[in-house]
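Remarks on the overall topology
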Protein chains: 2
Amino acid sequence: MSKNSASETAAIADAAPSDMVRKPRVREQKGWRHKDAVSLLRQMILSGELAPGYALREVAISERLGMSRTPVREAFRTLAAEGLVELLPNRSVVVAELDENESIDVFSVLGTLESLAGQQACQRMTPEQLERLEALQREMEEHYNNHDRASYIRANRAIHELMVEGSNNNALILAWRLILPRAERARSVNTLDRHRWAEALEEHRKIFAALAARDGLRLSSLMQDHFARGVIERMTDTKFKNRVRVRAGSAERAAEPVAD
Amino acid sequence: MSKNSASETAAIADAAPSDMVRKPRVREQKGWRHKDAVSLLRQMILSGELAPGYALREVAISERLGMSRTPVREAFRTLAAEGLVELLPNRSVVVAELDENESIDVFSVLGTLESLAGQQACQRMTPEQLERLEALQREMEEHYNNHDRASYIRANRAIHELMVEGSNNNALILAWRLILPRAERARSVNTLDRHRWAEALEEHRKIFAALAARDGLRLSSLMQDHFARGVIERMTDTKFKNRVRVRAGSAERAAEPVAD
DNA sequence: GGATTAAATCTTGCATCCAAAAGTGATCAG
DNA sequence: CTGATCACTTTTGGATGCAAGATTTAATCC
C-alpha cells in the first residue's frame, strides 16, 4: 500500500511539512454539475437572454456557474442534441437561429404529436391516469372561474403532459419533450385573451369527454382543432408582430405564455 | 521565452537528459473525437450489439476507440438526449430498454411526422427539390425493376428524407431525425416481402403525384396509409415474432430493413 | 452458515493542464 | 492607405490527475 488515503493525509497535516499536505479538491455539490449548466443555458436561450447567433464562450460560462469547463462542454452536447445550439468545429458554440415560421412550425408539430398521443392514450391510458386527468380538468375549470391565469396555465400544461404520457409511447414522449421547449421559445410573447381563453376551456371539456369515452378518432380531430385554433389566434393577434423583436432582446423576462 | 515548443524539445531529445524531454501530446485527428464515439456507440446500440440494460464503462470504450474518457463522456450526453442510453448518477451509463410496443410506437410517430411533413412540403418544397424528388422516384422504380433491393431501400430512404426536408420545418426535421434511428433499431429483423414491395412502390407513385400536384390533404392521408400498411404488415408477418429475441442477441448482424 | 460491515478496488465526475486552431494586432511592402 | 505576413493572445479539444461514490472482497460476529 504505497499511497495514503486523503483522510490520513489530512489527519496528520498540521504536524507534517507543508509539501506533504495537499489541498483536497472537494466535490461540494450533489447531483450533476453539467445538469445545472444545461438547465441554466436552456432557460437563458428559451427566454431570449441568449439571442440567436450569440457565441457561448466556455470559460465565461464556467466561471459564471462556478464550475470547470468540462461539465459546461458536456452541457453543450446535450443542448446541441436538442437543437438549441450549433457546434462549430474549433469555434464557439452558437445559439441556434429562429426562422420566421418557427412559431407555426413548432405548433404544427406539437399538434400532430399530441393528436397521436390522444388517440393512443384512449387505448392505453390507465384508469388511474384518467382519474388524475379528471381531477386536473376540474382544477383547471376552477382556476378559470377564479380568473387565476397562472394556475390555469399550470394545470393546462399538466393536462397536456399527462395525456402525452398516457400514450405510453416512448418515442412519442421523447419527441414531444424535445419540441416542447421550442414552443416556449417561439411563443414567449403571446398572451391569452379572454375570448380565446373561454374557447380553449370549452375545447378541453370536449377533449376530456372524448378521452373518458375512449373515442380515439374524435379525440384526434379535437386535438388538431385545438392546436389549429391556438396557432391561428397567435398569427392574427396584434401582439404577435412583436415576436421578432424578442430575438434581439436580452435579459427581459418572457411574457406569460398562452395556454393550449 | 522560457518554455520550449514541443518540436524544439523533440529535436534535441536524444542529446538531452531524459527528464528534459516530454512526450508531446499530439492532436492527430481532425474533426471531433466524440463524434466518432457517438456514431460507433449508436451503431452498436441500434444493431443490438449492445443489448438493452448493458452498462457502458468509460474506460473500456475509450480504450477501444483509442481516445481518452473525455470525448466518450461527451458522447454519452448526446446519446442520452437521443434516448438511446440512460444516465445513472455516479453509476454506469446503461443502454435504454426496448418495450414490447416499440415497433408500432415508433412507426406511428414517424408516420404522423411524415404525414405532416408531406403536407407542409406541398406548400413549401422548392421546384429544385421537387425535381430531385422526381429523379429519385424514377431511380427507385428502376431499382425495383432490377430487383435491386439494397439500392431500392437507399433510394426510398432518400425520398422520405427529402420530403421531410422539403417541409422546411426545423422542429419537424429535428423530431424526425431523433426518431429515425429508433426505427432502425425497432425493425431490425423485418424484411420486405414481394407483395408488400409492389404495393409500397405503388403508394410511392401516388405520393409523388400528390406532391407534384401540391395536394397537401391527399398527401397527408396517403402517408398515413403508407405507414399504417407498413406497420400492419410487420405485425402480421411471421418473422415479426422473432423480433423480441433480438434484444438479447449480441453482435448478430441486423437483417435488411423493410422499406417504407 | 448467513448476515453485517469494514477495507480494498473500481468507476465516475470534474478540475486542470497542454497543444492545436482561431483570432488579433503590429509591422511592413506596395 | 490597403493588404499580406508573422508574432502574440485567446479559445477550443481532449488527455491526465485526483477525490467521492459505488462495488467488490475480506473479515467478523451471531
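Our subject is the structure that appears above.
To start, this report covers the structure provided alongside it. The structure presented is a predicted model; accordingly, all values stated were derived computationally and were not measured.

What to know about the sheet that holds strand β3 (residues 93-95) of chain B
All names here are of chain B.
- Taken in spatial order, the 3 strands make up an open sheet running β1-β3-β2, and their pairing is antiparallel. Every interior strand has two partners, whereas the edge strands, β1 (55-56) and β2 (85-87), have only one.
- Sheet analysis places β1 next to β3, joined by 2 bridges and oriented antiparallel. For L56, the partnering residue across the bridge sits in β3 and is V93.

Observations regarding the side chain of S62(B)
- You can see S62(B) is positioned in helix α3 (residues 58-65).
- Excluding residues within four positions of it along the chain, S62(B) makes contact with M67(B), S68(B), R69(B) and V72(B).

So, the interface of chain B and chain A
- Each partner contributes residues to the interface: chain B has 35 residues there, and chain A has 35 residues.
- Approximately 3000 Å² of surface area, both sides summed, lies buried where chain B meets chain A, with 60% of it carried by carbon and sulfur atoms.
- Applying the counting criterion to the chain B and chain A interface returns 6 salt bridges.
- In this assembly, chain B and chain A are joined by 12 residue pairs in polar contact (both at pLDDT 80 or more).
- Going through the elements one at a time, α4 (69-81), α5 (102-124) and α8 (170-186) of chain B are the ones with two or more residues in the side of chain B that touches chain A.
- Tallying contributions element by element places α5(B) first for the side of chain B that touches chain A, with 9 residues.
- The residue makeup of the side of chain B that touches chain A, split by class, is 15 nonpolar, 11 polar and 9 charged.

Quick word on the sheet that holds strand β1 (residues 55-56) of chain A
Residue and element names in this part refer to chain A.
- In spatial order, the strands read β1-β3-β2; together these 3 strands make up an open sheet with antiparallel pairing. Strands at the two margins of the open sheet, each flanked by one partner only, are β1 and β2 (85-87).
- Two strands pair when backbone bridges link them, and β2 and strand β3 (residues 93-95) are joined in this way by 3 bridges, in the antiparallel orientation. Within β3, the residue paired with L87 across the bridge is V93.

A word on the environment of E100(A)
- Along the polypeptide, E100(A) turns up in the loop between β3 and α5 (102-124).
- Separated by 86 residues in sequence, E100(A) and A186(A) place their C-alpha atoms 9.8 Å apart.

Structural notes on helix α4 (residues 69-81) of chain A
Residue and element names in this part refer to chain A.
- With 13 residues, α4 extends 19 Å between its outermost C-alpha atoms, agreeing within 8% with the 18 Å of an ideal straight helix rising 1.5 Å per residue.
- Every buried residue belonging to α4 is among P71, V72, E74, A75, F76, R77, T78 and L79, and all of these are buried.
- Capping the start of α4 is the job of one residue whose side-chain oxygen sits 3.3 Å from the backbone nitrogen of T70: S68.

Thoughts on unusual backbone geometry
- In this structure, N168(A) takes a positive phi of about 55 degrees despite not being glycine.
- A relative accessible area of 47% means that N168(A) is categorised as partly exposed.

What about the relation of the copies chain B and chain A?
- In screw terms, the move from chain B to chain A is a rotation of 180 degrees and a rise of 0.0 Å along the axis, fitting with an RMSD of 0.1 Å. The superposition operator between the copies reduces to a two-fold rotation axis.
- Interface overlap between copies is the fraction of interface residues in one copy that are interface residues in the other; for chain B against chain A it reaches 100%, indicating a shared surface.

Brief notes about the nonpolar core
- One finds V109(A), I179(A), V109(B) and I179(B) to be the most contacted residues of the largest nonpolar core, which totals 79 residues.
- Excluding residues within four positions of it along the chain, V109(A) makes contact with I179(A), L113(B), L116(B), N169(B), A171(B) and L172(B).

So, how was this worked out
- Residues numbered from 1 in each chain as written.
- Chains lettered and ligands numbered in written order.
- Predicted model: local features only at pLDDT ≥ 70, side-chain atom pairs only at ≥ 80, totals over all residues.
- Heavy atoms only, no water.
- Pairing = 2+ DSSP bridges.
- Helix = DSSP H or I, 4+ residues; strand = E, 2+ residues; numbered from the N terminus.
- Contact = heavy atoms within 4.5 Å.
- Buried area = accessible area lost by both parts, 1.4 Å probe.
- Salt bridge = Lys/Arg side-chain N within 4 Å of Asp/Glu carboxyl O.
- Polar contact = N/O pair within 3.5 Å; in protein donor to acceptor, adjacent residues only side chain to side chain.
- Nonpolar A, V, L, I, M, F, W, Y, C, P; charged D, E, K, R; others polar.
- Expected span 1.5 Å × (residues − 1).
- Buried < 20%, exposed > 50% of the residue type's maximum accessible area, 1.4 Å probe, protein only.
- Least-squares fit on C-alpha atoms with pLDDT ≥ 70 in both.
- Core = buried A, V, L, I, M, F, W, Y, C linked by side-chain atoms within 4.5 Å.

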